[in-house]
Every structure is written in structure tokens, then in C-alpha cells.
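# Coordinate inspection notes
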Amino acid sequence: QVHLVESGGGAVQTGASLTLSCVASGPRLTNDVMGWFRQAPGKERVFVGRVRWTTGLATLATSVKDRFTIDRDKDKNMMTLQMNSLTPDETGVYYCGLANWRYGNNVKSSECASWGQGTQVTVSS
């Protein structure tokens with residue numbers, strides 16, 4: 001069982017930047033994708049971005065693709081999400097999820113076999 005731990009959240013103002021990290025431990029990651037999801041109060045958990053573990057190829061949701069970047073460090077078993085020009089729309093708990101790789105540019109919540117505990121991001125206007 002892979003264990004995931006997110007960190008890096010905080011309370012910031014509109015326009016600020018944050019970097020979130022997700023560290024994996026347990027079985028070695030191979031043909032996997034790691035995804036970032038955001039869940040705002042009273043809302044569904046939505047896809048933010050994903051990275052293929054073997055290649056580092058990353059995709060992002062259209063709503064954030066011009067402002068966010070996603071990467072992974074295989075040596076550190078870590079995925080990062082660099083968030084710039086934050087708006088209140090990005091407020092929520094950010095979760096790291098792990099799924100088997102499939103062709104595509106997103107990850108569904110139902111595909112994730114492991115989840116982290118989440119890290120809170122609050123963007124004030």
C-alpha cells in the first residue's frame with residue numbers, strides 16, 4: 001500500500017504563489033500517475049493536474065494550465081504543484097492521488113487507489 005503525504009498549503013492573498021508537495025512511501029512507483037485534486041467546501045473533488053511517473057509528462061486542467069506547473073522527482077518520490085497567480089477559485093483542500101497509468105490527460109477520483117490526507121489552501125480576495 002502506497003502512503004501519500006501532502007504539504008505546502010497555507011493562507012495567501014489573490015495573486016500569490018504556493019508550492020505543494022506530495023511524498024510517496026511504501027511500494028516502489030512504476031507504471032503510475034500521480035494526480036492533484038482540489039475539493040472546495042460543499043463541492044466535488046475536481047482534477048487539477050497529473051504527472052506520469054516514468055516519464056514526468058504532465059498535464060493540467062484547462063482552468064489552471066497557464067498558471068500552474070506540475071513535476072515529479074523520482075529520487076525523492078515526490079510530486080510538486082507550483083501554483084502562481086492564485087485566485088479565490090483555487091481555495092480548497094488539495095489531495096494527492098495515485099492511479100495506474102492510462103492514456104489521457106486527466107485522472108478520475110475513482111481511479112485513485114491511494115490518497116493523502118490533504119493540505120488546505122485558502123486564497124483571500
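What counts and what doesn't
Residues numbered from 1 in each chain as written. Predicted model: local features only at pLDDT ≥ 70, side-chain atom pairs only at ≥ 80, totals over all residues. Heavy atoms only, no water. Buried < 20%, exposed > 50% of the residue type's maximum accessible area, 1.4 Å probe, protein only. Helix = DSSP H or I, 4+ residues; strand = E, 2+ residues; numbered from the N terminus. Pairing = 2+ DSSP bridges. Disulfide = S-S within 2.5 Å. Core = buried A, V, L, I, M, F, W, Y, C linked by side-chain atoms within 4.5 Å. Contact = heavy atoms within 4.5 Å. Salt bridge = Lys/Arg side-chain N within 4 Å of Asp/Glu carboxyl O.

Let us now look at the pairing of strand β4 (residues 32–39). Of all eight residues in β4, seven are buried, a share of seventy percent or more. By the bridge criterion, eight bridges tie β4 to strand β9 (residues 92–100) in an arrangement that is antiparallel. Bridging across to β9, R38 finds its partner in Y94. As judged from the seven bridges shared by β4 and strand β5 (residues 45–52), these two strands associate in the antiparallel manner. Counterpart to W36 in the pairing with β5 is G49.

Summed over the entire model, instances satisfying the criterion amount to one disulfide. Across the disulfide from C22 sits C96; the S-S distance is 2.1 Å. An S-S torsion of about -75° defines the bridge between C22 and C96 as left-handed. Pair noted here: C22 is in strand β3 (residues 18–25) and C96 is in strand β9, with a separation of 74 residues, a long-range link. Owing to a relative accessible area of 0%, C22 belongs among the buried residues under this scheme. Residue classification places C96 among the buried positions, given a relative accessible area of 0%. The structure places no disulfide on C112, whose sulfur is separated from the nearest cysteine sulfur, that of C96, by 8.3 Å.

Our next topic: the nonpolar core. Formed by 32 residues in total, the largest nonpolar core has its most connected members in L4, M34, W36, M79, L81, M83 and Y94. Look past the residues within four positions of M83 in its chain and what remains in contact with it is A16, S17, L18, L20, R67, F68, Y94 and V121.

Another point: the pairing of strand β7 (residues 68–73). On a regular strand, each side chain points to the face opposite its neighbour's, so the side chains alternate between the two faces of the sheet. Burial along β7 is one-sided: F68, I70 and R72 are buried, while T69, D71 and D73, pointing the other way, are not. Bridge analysis of β7 against strand β8 (residues 78–83) gives six bridges, and the strand direction is antiparallel. Bridging from a neighbouring strand, D71 pairs with T80 of β8. A loop of four residues connects β7 with β8, the two strands running antiparallel in sequence, and N77 in this loop sits at a positive phi of about 50°.

What follows deals with the pattern of salt bridges. This structure, assessed with the given rule, holds three salt bridges. Close ionic contact of K65 with D66 constitutes a salt bridge, the shortest N to O distance being 3.5 Å. A relative accessible area of 45% places K65 in the partly exposed class. One salt bridge connects E111 with R102, and the closest N-O pair in it is separated by 2.5 Å. Here R102 falls in the partly exposed class, since its relative accessible area comes to 24%.

Next up on the list: unusual backbone geometry. One non-glycine residue, N77, adopts positive backbone phi at about 50°. Residue placement: N77 occurs in the loop between β7 and β8.

A word on the environment of G56. Looking at the secondary structure, you find G56 in the loop between β5 and β6 (58–60). Once the C-alpha coordinates of G56 and V33 are considered, the two residues, 23 residues apart in sequence, prove to be 9.2 Å apart. Among all residues touching G56, those that are not within four sequence positions of it are V51 and R72.

Everything listed is a geometric property; what it means functionally is a separate question.
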